[in-house]
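Close look at the chain arrangement
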Amino acid sequence: ALCKVFLFCGQEPFVADEYIERLAWRTPGGGSRGGEAFDPKRLLEEFVNHIQELQVMDERIQRKVEKLEQQCQKEAKEFAKKVQELQKSNQVAFQHFQELDEHISYVATKVCHLGDQLEGVNTPRQRAVEAQKLMKYFNEFLDGELKSDVFTNSEKIKEAADIIQKLHLIAQELPFDRFCRCLMGFCCYPLSSAGKYHDLECQLIQEFTSAQRRGEISRMREVAAVLLHFKGYSHCVDVYIKQCQEGAFLRNDVFEDAAILCQRVNKQVGEIFSNPETVLAKLIQNIFEIKLQGYVKDQLEEHRKSDAEQYLKNLYDLYTRTTNLSSKLMEFNLGTDKQTFLSKLIKSIFISYLENYIEVEIGYLKSRSAMILQRYYDSKNHQKRSIGTGGIQDLKERLRQRTNLPLGPSIDTHGETFLSQEVVVNLLQETKQAFERCHRLSDPSDLPKNAFRIFSMLVEFLCTEHIDYALETGLAGIPSSDSKNANLYFLDVVHQANTIFHLFDKQFNDHLMPLISSSPKLSECLQKKKDIIEQMEVKLDMGIDTLNCMIGQMKHILAAEQKKTDFKPEDENNVLIQYTN
């Protein structure tokens, strides 16, 4: 009971021991407080009275709890009843909503149908009204007097342009003999340059030009939209392109100026024209066909016939810069096939120069290589002599005869190998530049063939005219085996020829192979290189006769000049002699 009381009153949980202790402590005689004697009867009496009070309190609380429980059950029933009523109301509202939705759908369908009917009636009416207005304007042209405000008010040029354009289309279907005055009025036929059509078109173009100079993009867009249906729309585009280029090419680098101009126009043209890719493509075409073509012609024609070296350098530089510009322009929207479009523009500029490029290249390379070699031999005061020609078998037969027959008088070269790394580097450098130009300027289908021709020039002047000539001259300078004056001259020739050929082989792999690796010319070049190697190796092998000459000289020394007593010194105590005379 005490627990229920405490819980009902919202107090802390009841602890019996603590409650008894407090009750005994408060009761007189219940303990030793204040020296009082313990009185059990009094304590018992207090406990009995307190229990009775607690029982009365328990009964009172129990009745209160029962009353609250009854009240809670009553309210729960009422709440459940109210919820049921609300559910019924909600169902009724939902049914009403469905009915309303169906009704709205029905009304909307009727409205749409009515709107279609009204549009079907209104559209012919509007067309009739518009046709009536056009007939009114057409009648003014027939009378030869324009009274309408739309034609006399300069601020309504846009509306006038729309009317003139429609009348222009109508007039094309009319017979000229009956409506000649009207047709001449707005220049449907090109009989009068003062017609309204032509005048209005000129006014619009002039307005566009003025707006472009003022930098008014919105006004330019409005005028361009009106001119879109006129014949002069293309002239409007031409005016825009012309004014865009004013002051754009002031520096010496026309290619950089062109790239900057196209980038600036690309950001602007979409805000003005409805077909920006077409306008930008026309601007690029104008730049290529006028600015770049004129610049390229000035740079190339100056040296085309007088200086082949400068002509080839300029051609390579200009073509490279043009293709680089084309790569930058590929970022812009120029239509569907912009790669083909730009390629055609580049071809139109350089086609006359690329058609005979390889002939100019070969001619220059031939004359330049011959000059390098001749300058070298002139510096040595040497007059080149003719050397033996023929195939490998002829060479082997000549060598066999040379080995078996006594040699004639040898040529004194004064120790000169007639091989120069400076000459070789110059020849290889010229050929390297030729390969680079060939790669850039040749048509892909002609690239392997052109590269082979350049390689043939290198073989002729480096391998045949320089290395092979030095080997022939070196072989002619080898003394006979019974000569008393052996020398190591030919071994120097072998060493330098080997070094030079390694440089030749490196250029073959680094610069020629990438140009012919996927063509039939590869096997032809490899065979040509193999023949050159074999021909040189045969001549180098023959140079071993130098060793035979040295052996013959040693035999002569040992047999005729060396004495046994040369190894026995006069003074036996002097043993410092390392070699004899």
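Residue indices follow the written sequence of each chain, beginning from 1 at its first position. This being a predicted model, a pLDDT of at least 70 is required before a residue's local features are given, and a value of 80 or more before pairs of side-chain atoms are given or counted; all residues contribute to the totals for chains, interfaces and linings. Excluded from the side-chain calculations are hydrogens and water; all other atoms, namely the structure's heavy atoms, are used.

Spelled out, the test is: UniProt positions are given in the numbering used here, feature names are shortened, and annotations may be inferred rather than shown by experiment.
In the annotation of an unreviewed UniProt entry, the entry for the protein reads Exocyst complex component 5, and the organism field reads Sapayoa aenigma. Taken directly from UniProt, the Sequence similarities (unreviewed entry) text for the protein runs: "Belongs to the SEC10 family."

**Things to note about the overall build of the protein**
Selection criterion: We count a stretch as a helix when DSSP gives it H or I for four or more residues in a row; a strand needs E for two or more, and each element gets its number in order from the N terminus. When a residue's accessible area, from a 1.4 Å probe over protein chains only, is under 20% of the maximum for its type it is buried; when over 50% it is exposed; and in between it is partly exposed. By the convention used here, residues are in contact when the closest approach between their heavy atoms is within 4.5 Å. All accessible-area figures derive from a Shrake-Rupley calculation using a 1.4 Å probe, and residue coverage is judged against the displayed protein chains alone.
Helix and strand counts for the protein come out as 20 helices and zero strands. Here the protein holds 581 residues, and the buried ones make up 34% of them. The long-range fraction of contacts in the protein, counting pairs at least 24 apart against all pairs at least 6 apart in sequence, stands at 71%. Here the protein displays about 36,800 Å² of accessible surface, and carbon together with sulfur accounts for 52% of that area.

**Considerations on the environment of Gln 339**
Among the structural elements, Gln 339 can be located in helix H13 (residues 338-354). On a C-alpha basis, the gap between Gln 339 and Ser 327 in space is 9.2 Å, while along the polypeptide they are 12 residues apart.

**Comments concerning the layout of surface pockets**
Our working rule: Buried and open spaces are told apart on a 1 Å grid over the protein atoms alone, a cavity being a set of points where a 1.4 Å probe fits but cannot get out and a pocket being an open set with protein on both sides within 12 Å along at least five of seven lines. Residues with an atom within 4 Å of a point are the lining residues. Grid points are joined across faces, edges and corners, and a volume is the space filled by probe spheres set on the points. Classification used: nonpolar for Ala, Val, Leu, Ile, Met, Phe, Trp, Tyr, Cys and Pro, charged for Asp, Glu, Lys and Arg, polar for all others including Gly. These domain boundaries are the output of an automatic or database domain assignment.
Taken as a whole, the largest pocket holds about 700 Å³ of empty space. Tyr 319, Leu 354, Leu 441, Ser 442 and Asp 443 are, among the 26 residues lining the largest pocket, the residues nearest its centre. Every element with two or more residues in the lining of the largest pocket is listed here: helix H12 (308-329), H13, helix H14 (357-379), helix H16 (421-441) and helix H17 (447-476). The class makeup of the residues in the lining of the largest pocket is 11 nonpolar, eight polar and seven charged. Residues from two domains meet in the lining of the largest pocket; each of domain 3 (272-381) and domain 4 (421-562) gives at least three.

**Some words on the packing of helix H11 (residues 276-301) against H13**
Helix packing geometry: the angle between the two helix axes and the distance between the axes. Heads up, the condition is: Axis lines are fitted through C-alpha atoms, for helices just across the contact stretch, and the angle between N-to-C directions can take any value from 0 to 180 degrees. Any angle that falls under 35 degrees is termed roughly parallel, while one over 145 is termed roughly antiparallel, one within 65 to 115 roughly perpendicular, and all others oblique. A crossing counts as left-handed when the near helix is turned anticlockwise from the far one by less than a right angle, and as right-handed when that turn is clockwise.
For the pair H11 and H13, the least separation of the axes is 10 Å and the interaxial angle reads 20°. When the interaxial angle is binned, H11 and H13 end up roughly parallel. Two packed elements cross with a definite hand, and for H11 against H13 that hand is right-handed. Residues Ala 281, Ile 284, Gln 285, Phe 288, Glu 289, Leu 292, Gln 293, Val 296, Lys 297, Leu 300 and Glu 301 of H11 form the contact with H13, whose own contacting residues are Phe 341, Leu 342, Leu 345, Ile 346, Ser 348, Ile 349, Phe 350 and Tyr 353. Taken together, the residues of the contact of H11 with H13 sort by class into 13 nonpolar, three polar and three charged.

**Some words on the confidence of the model for the protein**
Quick reminder of the rule: As a per-residue quantity, pLDDT reports the predictor's confidence and falls between 0 and 100.
In this model, the protein carries an average pLDDT of 80, and 75% of its residues clear a pLDDT of 70 or more. Contacts from residues 183-194, a stretch scored under 50 in pLDDT, to residues over four places away or in other chains number 35 contacts. Every residue in residues 402-409 is under pLDDT 50, and counting partners more than four places away or in other chains gives eight contacts.

**Focus: the nonpolar core**
Our working rule: We call a set of buried Ala, Val, Leu, Ile, Met, Phe, Trp, Tyr and Cys residues a nonpolar core when their side-chain atoms join them within 4.5 Å.
One finds Phe 208, Tyr 240, Phe 273, Ile 284, Phe 288 and Leu 462 to be the most contacted residues of the largest nonpolar core, which totals 105 residues. The contact partners of Phe 208, leaving out residues within four places of it in the chain, are Met 220, Val 223, Ala 224, Cys 236, Tyr 240, Ile 272 and Phe 273.

**So, unusual backbone geometry**
Most peptide bonds adopt trans geometry, and most residues besides glycine take a negative phi value. Even without being glycine, Asn 381 reaches a positive phi, approximately 55°. With respect to the helices and strands, the residue Asn 381 is situated in the loop between H14 and helix H15 (392-404). A residue is classified by how much of its surface remains accessible, and Asn 381, at 73% relative accessible area, is exposed. Here Phe 418, not a glycine, exhibits a phi torsion of approximately 60°, which is positive. Following the sequence through the fold, Phe 418 ends up in the loop between H15 and H16.

**Remarks on the packing of aromatic side chains**
In this description, an aromatic ring pair is defined by two values, namely the gap between the centres and the angle between the planes. So the rule is basically this: A pair of Phe, Tyr and Trp rings is counted when the ring centres sit within 6.5 Å of each other, with Trp represented by its six-membered ring. The angle between the planes then sorts it: under 30 degrees is stacked, over 60 is edge-to-face, the rest tilted. A ring has a charge above it when a Lys NZ or an Arg CZ is no more than 6 Å from the ring centre and no more than 35 degrees off the ring normal.
Inspection of every chain in the model, using the stated rule, returns 10 aromatic pairs. For the cation-ring pair, Lys 521 lies above Phe 452, with the distance from its terminal atom to the ring centre recorded as 4.6 Å.

**Focus on the packing of helix H18 (residues 489-516) against helix H19 (residues 521-542)**
Where H18 contacts H19, the axes come no closer than 12 Å and their chain directions differ by 175°. On the basis of their axis angle, the class for H18 and H19 is roughly antiparallel. For the pair formed by H18 and H19, the contact residues are Phe 490, Val 494, Phe 501, Phe 504, Asp 505, Phe 508, Asn 509, Leu 512, Met 513 and Ile 516 on the first element and Lys 521, Leu 522, Cys 525, Leu 526, Lys 529, Ile 532, Ile 533, Met 536, Lys 539 and Leu 540 on the second. Looking at the contact of H18 with H19 residue by residue, the classes come out as 15 nonpolar, one polar and four charged.

**As for a positive patch on the surface**
Just so we agree on the cut-off: The patch calculation keeps residues exceeding 30% relative accessible area without a salt bridge and links them within 9 Å when they carry like charges or within 5 Å when they are nonpolar (Val, Leu, Ile, Met, Phe, Trp, Tyr). Salt bridges are defined as contacts in which a side-chain nitrogen from Lys or Arg sits within 4 Å of a carboxyl oxygen from Asp or Glu. Under the convention used here, Asp and Glu are negative, Lys and Arg are positive, and both His and the chain ends fall outside the count. For this purpose, a charge sits on NZ of Lys, CZ of Arg, CG of Asp or CD of Glu.
Taken together, the side chains of Arg 60, Arg 63, Lys 64 and Lys 67 present a region of like positive charge at the surface. Structurally, Lys 64 is set in helix H3 (residues 40-143). Judged by its relative accessible area of 46%, Lys 64 is partly exposed.

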